[in-house]
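Residue-level structure breakdown
Below are the chains, spelled out letter by letter.
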Amino acid sequence: MYEPIRTPSVHSTRSAPAGTASDFPHRSREEELDIQLAGHLAALLTATDELRALAPSADLDNAAERLTGQVSRLRHGRTPVRAPAPATVAPDLAALHQRALALAGRALVVAASRADTAAAILAAERMDAHAEATGPRALASR
């Protein structure tokens, strides 16, 4: 009644042509989490550098140094690219602290997922610092 299938399935690994996705190495879950965490921490470092340019403080300097260390560790020794904050944009410290708070929260979730205690502690400390800097508005949104 039905004619048998005469060609191999397009999903078969034996029939996949060279150069397809099955030929590429795949990253492990841990490697993917490392990449994701490094990205979140690098974004937090950028926000921290912007805040340092607008309102310098020893706490932000220390945080930037620690963030740089964590990103370098996760990227196997490659230091993150850092650029000075643009001076042409009118500063909104509250918005920058809110953005940094959100970035630190994302970093904390990924750090907890990969069981990276050092990164999780750093992210939690930065969340507390940015929440305190934004005042009651940030605490109400938590």
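Throughout what follows, the structure given in this document is the object of discussion. Just so it is clear, the structure is predicted and the values come from calculations on it, not from any experiment. (Residues numbered from 1 in each chain as written. Predicted model: local features only at pLDDT ≥ 70, side-chain atom pairs only at ≥ 80, totals over all residues. Heavy atoms only, no water.)

1. Side note on the nonpolar core
Membership of the largest hydrophobic core comes to 28 residues, with the highest contact counts inside it found for Leu-37, Leu-41, Leu-44 and Leu-67. For this core, the secondary structure elements donating two or more residues are helix H1 (29-54), helix H2 (58-74), helix H3 (93-113) and helix H4 (117-134). Ranked by the residues each element gives to this core, the list is headed by H1, at nine residues. Setting aside chain neighbours within four positions, we find Leu-41 in contact with Leu-67, Gln-70, Val-71, Leu-74, Ala-107 and Ala-119. (Core = buried A, V, L, I, M, F, W, Y, C linked by side-chain atoms within 4.5 Å. Buried < 20%, exposed > 50% of the residue type's maximum accessible area, 1.4 Å probe, protein only. Helix = DSSP H or I, 4+ residues; strand = E, 2+ residues; numbered from the N terminus. Contact = heavy atoms within 4.5 Å.)

2. Quick notes on unusual backbone geometry
Its identity as a non-glycine residue notwithstanding, His-76 has a phi of 55°, on the positive side. Residues other than glycine seldom take positive phi values, yet Ala-115 does so here, at roughly 60°. With respect to the helices and strands, the residue Ala-115 is situated in the loop between H3 and H4. For Ala-115, a relative accessible area of 64% corresponds to the exposed category.

3. Looking at the pattern of salt bridges
One pass over the structure, following the stated rule, counts ten salt bridges. With a shortest N-O distance of 2.7 Å, Arg-27 and Glu-32 are connected by a salt bridge. The exposure class of Glu-32 is partly exposed, given its relative accessible area of 37%. Linking Asp-34 and Arg-114 is a salt bridge whose minimum nitrogen-to-oxygen distance equals 2.4 Å. Placement of Asp-34 in helix H1 and of Arg-114 in the loop between H3 and H4 is noted, with a sequence separation of 80 residues between them. Sharing partners across several salt bridges, the network here consists of Asp-34, Arg-73, Arg-114 and Asp-116. (Salt bridge = Lys/Arg side-chain N within 4 Å of Asp/Glu carboxyl O.)

4. Comments concerning the side chain of Asp-34
Owing to a relative accessible area of 16%, Asp-34 belongs among the buried residues under this scheme. Each residue touching Asp-34, except ones within four places of it in the same chain, is listed here: Leu-74 and Arg-114.

5. Here we look at the environment of Glu-125
Examined against the element boundaries, Glu-125 turns out to sit in helix H4. Residue Glu-125 is classed as partly exposed on the basis of its relative accessible area of 36%. Residues Glu-125 and Ala-104, spaced 21 residues apart in sequence, show a C-alpha to C-alpha distance of 8.7 Å. Within the structure, the side chain of Glu-125 is placed 2.6 Å from the side chain of Arg-66, a separation counted as a polar contact. (Polar contact = N/O pair within 3.5 Å; in protein donor to acceptor, adjacent residues only side chain to side chain.)

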